[in-house]
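# Survey of secondary and tertiary structure
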Amino acid sequence: MKKISLTCVECPLGCDITVELDGERVVSVAGNTCPRGEKYAKAEVVCPKRVLTTTVRLENGKMLPVKTNQPIEKSLTFNAMQRVSKVTVASPIKIGDVIVKDLYEGIDLVACANSD
Amino acid sequence: MKNYDIVIIGGGPAGLAAAVSAYDNGVKSILILERDECLGGILNQCIHNGFGLTRFKESMTGPEYAYKFIEEVQKRGIEVSLNTTVLSLTKDKVVTAINSQEGVTLIKAKAVILAMGCRERSRGALNVAGARVAGIYSAGTAQKYVNVKGYLPGKDVVILGSGDIGLIMARRMTLEGAKVHAVCEIMPHSSGLKRNIVQCLNDFDIPLYLSHTITRIDGDKRVTGVEISAVDSDKKPIKGSEKYIKCDTVLFSVGLIPENELSKEAGIRLSPKTKGAEVYQNRETDVSGIFACGNVLQVHDLVDFVSEESELAGKSASEYVLNGEAEKNAINCIAGANLSYVLPQRIDKNAGGSVTLFFRTSGVFKNCKITVQDGQKTLLEIKKRVAVPGEMERVNLTEDKIKSIVGELTVGLEEGV
């Protein structure tokens, strides 16, 4: 049995969570305040994931904030940055518009703001 | 001279929430003055997520959070003047503003809401020794360069201060291809949120040097390196602990100060502790009809709390416009042992309703007790497992308790309980 200590990143509380692991199997999660923390901890010990937030360039030269609409595997972060850095989009863009469909299977890159 | 019922100075999260709330409480003649080319304030450059969890129960980016409120302002048809800088404000609530379309305009308001936000402390405020060369930015300036202008201001970075903006920028610069060599924090603990230490530093193996500071910046035209040193318990650099880091960029993330130049000019009394106005529980300053909310009043940890406070100020301003000035029966509210400040600084007993007191502790305390006292009499005691200066605390006082107060209110923290 292995014990892993984590700090939850789901919200600003930053709970100190302890996860008990038996191989790949999560035996217990303690220290979290809410269900989000439990979910985070279970995922974090097996395959850590993060929502990626960055920008893409609009054709008019301005920057558009974007994010992945679901968390992506942490190990893919720099791969994703490289792919996103090549993207240029044309106005008009509405908040929530898909900028890159299936950046990773089932995960889209979406706009966080209107383009003008 | 133009006339409005309520003029709001600042179109960031505070101004937007105050405008919507004032409108919904019955005042329709509202003008928001914003000096930037768009609404949303600092949220526009805060492209990371984690906003809105308290208020909307979802994790949003800064621009998404701002948009929620911009939409509400637009739906109500609230008037906005963009690219407009306020030059002065008087006690009689006359605002002088300037923009390139109308030149200088005078605007007379029945009530004014101050929502100007805060500014970053700069290198100058810290007196860091060394060359005054290119490559030195506040973390927020670097954030604007990267996220709004699309320009990476450096490749090898050292960050002084572990405030949240510094941590966020450590990650952001790393993602964009820069190498962040160190984050130095003069205190033995980080002033940023724990989650940001994890997801901005640990995720990218960026070292955090606690009890360290920059003791010299080198460079000719551009930064070429910094010397960092460990500090003792008095924050004095320890000789022999110096370490040299080659870099081309230094970011400062060393605190925020409410921007109150206009408030000072209007003769509004400011608190030396918060650097914001002293207010009653409805967020009215000592100048009748001028209200303040958001980071211009007290620097908040979360934008969700800025919105909450600003809605209160918007409601209060609308009541002032609709009902006129109310006669107050004010008592002082003072920060006692181990607290750096309490807000509101004054409580109007005539106002009715409960009052939430906001405060920060002056240090890290474990197993402590928050006490609210009316002279010698204890009104309220709340036990806390942990209290840290980085997290704003609050306690609620019921209307009955407020009514019972005869002297001055003191909020304090007792250790070891």
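Model, not experiment: these values are computed from the prediction.

## Quick notes on the environment of B:Glu415
By the secondary structure assignment, B:Glu415 is in the segment after strand S27 (409-414). With near-sequence residues (within four places) excluded, B:Glu415 lies in contact with B:Asn338, B:Phe365, B:Asn367 and B:Cys368.

## Things to note about the sheet that holds strand S5 (residues 53-58) of chain A
Residues and elements named next belong to chain A. Read from one edge of the open sheet, five strands run S8-S5-S6-S10-S9, paired in mixed fashion. Only two strands of the sheet have a single partner each, and these edge strands are strand S8 (88-89) and strand S9 (98-104). Alignment of S5 against strand S6 (residues 63-68), held across five bridges, turns out to be antiparallel. Within S6, the residue paired with arginine 57 across the bridge is methionine 63.

## Side note on the domain arrangement of chain A
One widely used convention gives an interface's size as the accessible area the parts lose upon coming together. One can read the domain layout of chain A as domain 1 (2-46) and domain 2 (53-111). Computed from C-alpha atoms alone, the centre-to-centre distance between domain 1 of chain A and domain 2 of chain A is 29 Å.

## Quick word on the interface of chain B and chain A
In this complex, chain B contributes 27 residues to the contact, which on the side of chain A involves 31 residues. Buried area between chain B and chain A, both sides added, is near 2400 Å², and the carbon and sulfur share of it is 57%. Among the residues of chain B in contact with chain A, B:Leu175, B:Lys194 and B:Arg195 are the three that bury the most area, contributing 22% of the side total. Across the contact surface, chain B and chain A share five salt bridges.

## Overview of the packing of aromatic side chains
Residue and element names in this part refer to chain B. Scanning the model with the defined rule gives seven aromatic pairs over all chains in all. An angle of 70° between the planes, with centres 5.6 Å apart, marks the rings of phenylalanine 56 and tyrosine 65 as edge-to-face. Taking NZ or CZ as reference, lysine 328 lies 4.9 Å from the ring centre of tyrosine 280, over its face. Residue placement shows arginine 394 over the ring face of phenylalanine 305; its charged tip is 5.0 Å from the ring centre.

## Focus on the side chain of B:Asn196
Residues and elements named next belong to chain B. Assignment of secondary structure puts asparagine 196 in helix H6 (residues 194-201). A polar atom in the side chain of asparagine 196 sits 2.8 Å from the side chain of aspartate 164. Sequence-distant contacts of asparagine 196, defined by excluding residues within four places in its chain, comprise Asp164, Leu167, Ile168 and Leu201.

Procedures and definitions
Residues numbered from 1 in each chain as written. Chains lettered and ligands numbered in written order. Predicted model: local features only at pLDDT ≥ 70, side-chain atom pairs only at ≥ 80, totals over all residues. Heavy atoms only, no water. Helix = DSSP H or I, 4+ residues; strand = E, 2+ residues; numbered from the N terminus. Contact = heavy atoms within 4.5 Å. Pairing = 2+ DSSP bridges. Domains from an automatic or database assignment. Buried area = accessible area lost by both parts, 1.4 Å probe. Salt bridge = Lys/Arg side-chain N within 4 Å of Asp/Glu carboxyl O. Phe/Tyr/Trp six-rings, centres within 6.5 Å; stacked < 30°, edge-to-face > 60°. Lys NZ or Arg CZ within 6 Å of the ring centre and 35° of its normal. Polar contact = N/O pair within 3.5 Å; in protein donor to acceptor, adjacent residues only side chain to side chain.

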